[in-house]
Amino acid sequence: SDEGNSLSDFYRDWVKTSAGTALAIDGAKYAVGEDSVTVSKALPGTLPRDAVLYMRSNHNEVSCYINGRELFCEGVCRERTFGIAYTGIWIIIPLETSDAGQTVTLEIEKTDGNMGQLPEELLLANRNALTNELVHQTALPVGIASFMLTLSVFMLIAGFLLRRRN
């Protein structure tokens, strides 16, 4: 794959530690109904330039570690000036090329209600490929919303002109 546009699925083959026992898990199927979950997985032996780990979150508290070094922590774990700031839906965790082959650990805790499951989309990518993917995913909804907004403005102007004419 071209290093400049590297994008790969990183969703499968995580390992969950429960009561000191490592359990092989497949995607999000293991988190249903749990308050929190900690999973680990080895990063590939080589990482693309400007590598990031991307996931979508349901506003859960998310922490990411590589061999115990905290890379990312968002959600309840960070108090803000005006109180708790819940994690956004797009979580992008920058990685260093020296992180290649290391073990990445995700700790995810529910912030409100039932967590349900872990993110269904976990990608390992470089920033360019991720930007292209996110633009591709959001192009249709943004296009439809733009069209509807333009149509609404046109209808308001037309209504104003017709009313003024009479």
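**Student:** What is the right way to look at the overall build of the chain in this model?
**Tutor:** When you go through the chain residue by residue, the secondary structure sums to 1 helix and 11 strands. Listing every helix and strand of the chain by position from the N terminus yields β-β-β-β-β-β-β-β-β-β-β-α. Considering the chain as a whole, with its 166 residues, one finds that 33% of them fall into the buried category. Expressed as a percentage of contacts within the chain between residues at least 6 apart in sequence, the contacts between residues at least 24 apart total 77%. Accessible surface, the chain as shown: approximately 10,300 Å² in total, 54% of it carbon and sulfur.

**Student:** I tried to follow a nonpolar patch on the surface on my own but got confused; where do I start?
**Tutor:** A cluster of nonpolar residues, Leu140, Ile144, Phe147, Met148, Leu151, Phe154 and Met155, forms a patch on the protein surface that exposes about 760 Å² of accessible area. Mapped onto the secondary structure, Leu140 falls in helix α1 (residues 127-165). Overall, Leu140 belongs to the exposed group, its relative accessible area being 61%.

**Student:** Mind showing me how you'd approach the side chain of Ser40 here?
**Tutor:** With respect to the element layout, Ser40 can be found in strand β4 (residues 36-42). In this structure the side chain of Ser40 is engaged in a polar contact, spanning 3.1 Å, whose partner is the side chain of Thr105. Not counting chain neighbours up to four residues away, the residues in contact with Ser40 comprise Trp14, Val15, Thr103, Val104 and Thr105.

**Student:** Please clarify how unusual backbone geometry should be interpreted in this entry.
**Tutor:** As a rule of thumb, non-glycine residues mostly have phi less than zero, and peptide bonds are mostly trans rather than cis. Although it is not a glycine, Asp50 adopts a positive phi angle of roughly 55°. Not every positive phi belongs to a glycine, and Asn67 is a case in point at roughly 50°. Looking at where Asn67 falls in the secondary structure, it is placed in the loop between β6 (61-66) and β7 (69-80).

**Student:** What's the story with the nonpolar core in this structure? I'm lost.
**Tutor:** In a soluble, globular protein the nonpolar side chains are often hidden away together inside. Counting residues in each nonpolar core, the largest one holds 23 residues, and the members touching the most others are Leu43, Leu53, Met55, Ile93, Leu95, Val104 and Leu106. Of all the secondary-structure elements, those providing two or more residues to this core are β4, β5 (51-56), β6, β9 (90-94), β10 (103-109) and β11 (122-126). Excluding residues within four positions of it along the chain, Leu95 makes contact with Leu43, Leu47, Ala51, Val52, Leu53, Ile66, Leu71 and Leu124. Residues Val52, Leu123, Ala125 and Leu134 belong to the second largest nonpolar core, which totals 6 residues.

About the criteria used
Residues numbered from 1 in each chain as written. Predicted model: local features only at pLDDT ≥ 70, side-chain atom pairs only at ≥ 80, totals over all residues. Heavy atoms only, no water. Helix = DSSP H or I, 4+ residues; strand = E, 2+ residues; numbered from the N terminus. Buried < 20%, exposed > 50% of the residue type's maximum accessible area, 1.4 Å probe, protein only. Contact = heavy atoms within 4.5 Å. Areas by Shrake-Rupley, 256 points an atom, 1.4 Å probe, with all protein chains shown as cover. Patch = residues over 30% accessible without salt bridge, like charges linked within 9 Å, V, L, I, M, F, W, Y side chains within 5 Å. Salt bridge = Lys/Arg side-chain N within 4 Å of Asp/Glu carboxyl O. Polar contact = N/O pair within 3.5 Å; in protein donor to acceptor, adjacent residues only side chain to side chain. Core = buried A, V, L, I, M, F, W, Y, C linked by side-chain atoms within 4.5 Å.

Any functional reading would require information beyond the geometric quantities listed.
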